[in-house]
Each structure stands twice: as C-alpha cells, then as structure tokens.
Amino acid sequence: MKNFASSLGNKNKFLILGCGFSGSYFAKSIRKLGCIALTSSRSKNKDPNSFVFDSEKNIVPNEKIFDGVTHILSCIPPDKNGNDPVLDSLKSRLKSLSLEWIGYLSTTGVYGNTNGDWVSEIDQPNPLQKRSQKRLNCENEWLKSGLPVQIFRLPGIYGPGRSTFEAIKNKKIRVIDKKDQVFSRIHVGDITNAIIYLLQNKNYLKFHQIINIADDEPCAQIEVIQYCYNLLGLKMPKPIFFEEAKNELSPIARSFWIENRRVSNKLLCKKLGYKLIYRNYREGLKNCFLNI
Ligand SMILES: NC(=O)c1ccc[n+]([C@@H]2O[C@H](COP(=O)([O-])OP(=O)(O)OC[C@H]3O[C@@H](n4cnc5c(N)ncnc54)[C@H](OP(=O)(O)O)[C@@H]3O)[C@@H](O)[C@H]2O)c1
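What counts and how
- Residues numbered from 1 in each chain as written.
- Predicted model: local features only at pLDDT ≥ 70, side-chain atom pairs only at ≥ 80, totals over all residues.
- Helix = DSSP H or I, 4+ residues; strand = E, 2+ residues; numbered from the N terminus.
- Rg over C-alpha atoms; globule rule 2.2 N^0.38 Å.
- Buried ≥ 20, exposed ≤ 12 C-beta atoms within 10 Å, placed from the backbone.
- Contact = placed C-beta atoms within 7 Å.
- Near = placed C-beta within 6 Å.
- Nonpolar A, V, L, I, M, F, W, Y, C, P; charged D, E, K, R; others polar.
- Axes fitted to C-alpha atoms, helices over the stretch in contact; angles between N-to-C directions.
- Parallel < 35°, antiparallel > 145°, perpendicular 65-115°, else oblique.
- Left-handed = near helix turned anticlockwise from the far one by under 90°.
- Expected span 1.5 Å × (residues − 1).
- Arc of directions from axis to C-beta.

### Observations concerning the overall build of the protein
If you tally the helices and strands in the protein, you get 10 helices and 13 strands. Against the compact-globule benchmark of 19 Å for 292 residues, the protein has a radius of gyration of 19 Å, which places it among compact chains. C-alpha atoms of the protein, sized along the principal axes, occupy 55 × 45 × 40 Å. Considering the protein as a whole, with its 292 residues, one finds that 36% of them fall into the buried category. For the protein, contacts bridging at least 24 residues in sequence account for 77% of all contacts bridging at least 6.

This is the structure:
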C-alpha cells in the first residue's frame, strides 16, 4: 500500500479520557508524533498533563481543558449503573466542540458466545453477560450521540507490565485446561498503532464505525501460560480441568470461561491494510519478556 499518511502533529490536541493501561500507552505514542495529549484519571497526580475526571463523584474537567481539542479517546468502561461515564457527564460539552474524531474502546464481549466460531463486525452482537449488555448499550449511546465516534472492540488486552508474566510473578496464575476453549487477545501496542494508522490514513481509507482490533491467533490460555513458563525456564504447574476448578473461580473469572469465540481482524488487517506489530501471543509476549 502506498504511504499516504497524513500528519498527526502539534495542530492536534487529544484528550485521553481514562488514562489506565491502554490510555497511557496511547498518550505516550501520540505525544511522540508531536500531538498534545492531556489525560484524565479519577485522582489528582503530579503529571502536569493530567486532569481529574470522575463521573461518579461529579468531578468534571474545567472548560480550559477542552480548548482546541480535536480528538478524544475514551478508555472508560460503563459505570455501575451501566451508563457511559463520558456521555453521562460530558455529552453537551463534547457537542459544543469542533471535534474531528472520538475513539471509544469497547470489548468483544458484546459478541457473546459463538462456541469457538469466528466473529466479525458484521455479526449481530449477542451479549451473554450483564456487563456486556451494558457495554452494548453504551456503544449504542455513542452511535446515537451524533458525535464523530469510532468504536474499537477489543479482546483481552496485555502488554508490558500486564501479562501472564506478572500473574506468574504475583502467584496469581491458575493453569486451567478446558477442551476446545480459545481466547482472543491484543497487545496494547497494536491497539495504539492501529488507531494511529487509521487516523493517519483516514482520508484514503473507507470509514468504518466499528472495528475489531485483535491478533491473528486466538488460542487456548494454557498454551500462552506454557509459553511464558518456557521463556522463564520454569516448570508449569499441573493443569486443573475447568470442571474441577470452576467452583473455586470468582464469578467474573468463571464468566470468561463460559464464552468461547475467535475474533476476526480481517476488516482491520485485510481490508484496511493494518499490519500487526505482534501477530500472535508469542511475538507479543517476547516483547513483554524484555520488559519484566
Ligand atoms: N483489560 C482488558 O483486557 C479489556 C479487554 C477489552 C476491553 N477493555 C476495555 O477497554 C477500555 C480500556 O481498558 P484498560 O484495561 O486499558 O482500562 P483501565 O486500565 O482499567 O483504565 C480505565 C480508566 O477509566 C477510568 N475510569 C473508570 N471509571 C471512571 C469513571 N466513572 N469516571 C472517570 N474515569 C473512570 C480509570 O480511572 P483511574 O485512572 O483513576 O483508575 C482508568 O483511567 C476499558 O473500557 C475496558 O473495559 C478492557
């Protein structure tokens, strides 16, 4: 593909709402391109580029924060009532701005269970879990908002500082074996890079309002854990079959094992031409291994 990349630079001001794991990775990368990026968290911190936003405590950013904003990325999950914290607190403010783009990080949980079949953006969402129903409602609120939103559906996010290595180190690992069960995943670097790729090429690529960002190789969790133990040169503990382990799992952990799907990235990687940095967990975990 010809490199038509338009520049993202100091004329662009991003607000990253919810600067957790993905948000902070994105903020760092976008600053390297020369953009201004201000980030929110729920408590005050020393970062001069950070401001406080907490929808539950009714703390909203002051007007100055929004001056000249061109792009917004929301990384905030639904609140406990199932509402979108950003739309709930800031919708009219956002509507008063001349925004070029809003990105919303959602989850592939909205697809529900497919018994291991592939799902893509054209499949009708069929959320199984209550939290995924709430998420789908939030997606729909964004779509109805009239704001220039693009939704990114993400599977399990991992990256340096948040991967199976940390689970092993913190003794939080459970090696569970469930026949024919797979999970999709994505390295945080590819979330950031894919979004930047789409923004830089937006004048030349067909706009899609909903896009999955997942790697090429959904697979069993035990395969991933085994790979990490091998890199560490340690012996993996004996696996426990899911049927034996399930009663000891927290409801949230159990809920992940009830769904089984393969998330397709064909729209992003074939149709739109994005090239993954980490095509599978092996490539992604090697990167994490360098940073442990
Ligand atoms: N983790 C995964 O594997 C995964 C998979 C698929 C999709 N997702 C979704 O993708 C998005 C990004 O994920 P992530 O793991 O990078 O998120 P994360 O690290 O958990 O960060 C979430 C951010 O949202 C902020 N936040 C939460 N509730 C808020 C509220 N009521 N008002 C204002 N701010 C609020 C948090 O503030 P503080 O910084 O103050 O905590 C934090 O900055 C989330 O929506 C997540 O649910 C996650």
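### Here we look at the site of the ligand
For the ligand, the set of nearby residues contains 23 residues, the closest of which are Gly18, Gly20, Ser22, Arg42 and Pro77. Mapped onto the shell around the ligand, the elements with two or more residues apiece are α1 (21–32), β5 (101–107) and β8 (156–158). Among the residues making up the shell around the ligand, the classes are represented as 10 nonpolar, nine polar and four charged.

### As for the packing of α1 against helix α5 (residues 188–200)
For the pair α1 and α5, the least separation of the axes is 9 Å and the interaxial angle reads 50°. For the element pair α1 / α5, the angle class is oblique. When the axes of α1 and α5 are compared, the crossing they make is right-handed. For the pair α1 and α5, contact is made by Phe21, Ser22, Tyr25, Phe26, Ser29 and Ile30 and by Val188, Gly189, Ile191, Thr192, Ile195 and Ile196, respectively. Looking at side-chain class alone, the contact of α1 with α5 contains eight nonpolar, four polar and no charged residues.

### What about helix α6 (residues 221–232)?
Taking 1.5 Å of rise per residue, the 12 residues of α6 would be expected to cover 16 Å, and the 17 Å separating its terminal C-alpha atoms lies within 8% of that figure. Taken as a whole, α6 has its buried residues at Gln221, Val224, Ile225 and Cys228. All buried residues of α6 project into a common sector of 95° when viewed along the axis, lining one side. Packing partners of the buried residues in α6 comprise α4 (164–169), β9 (176–177) and α10 (281–290).

### Some points on α10
Turning to α10, its buried residues number three or more, namely Tyr281, Gly284, Leu285 and Cys288. Taken around the axis of α10, the buried residues stretch over an arc of 95°, which confines them to a single face. Relative to its buried face, α10 has exposed residues pointing more than 90 degrees away, namely Lys286 and Leu290. Next to the buried residues of α10 lie β8, α4, β10 (185–187) and α6.

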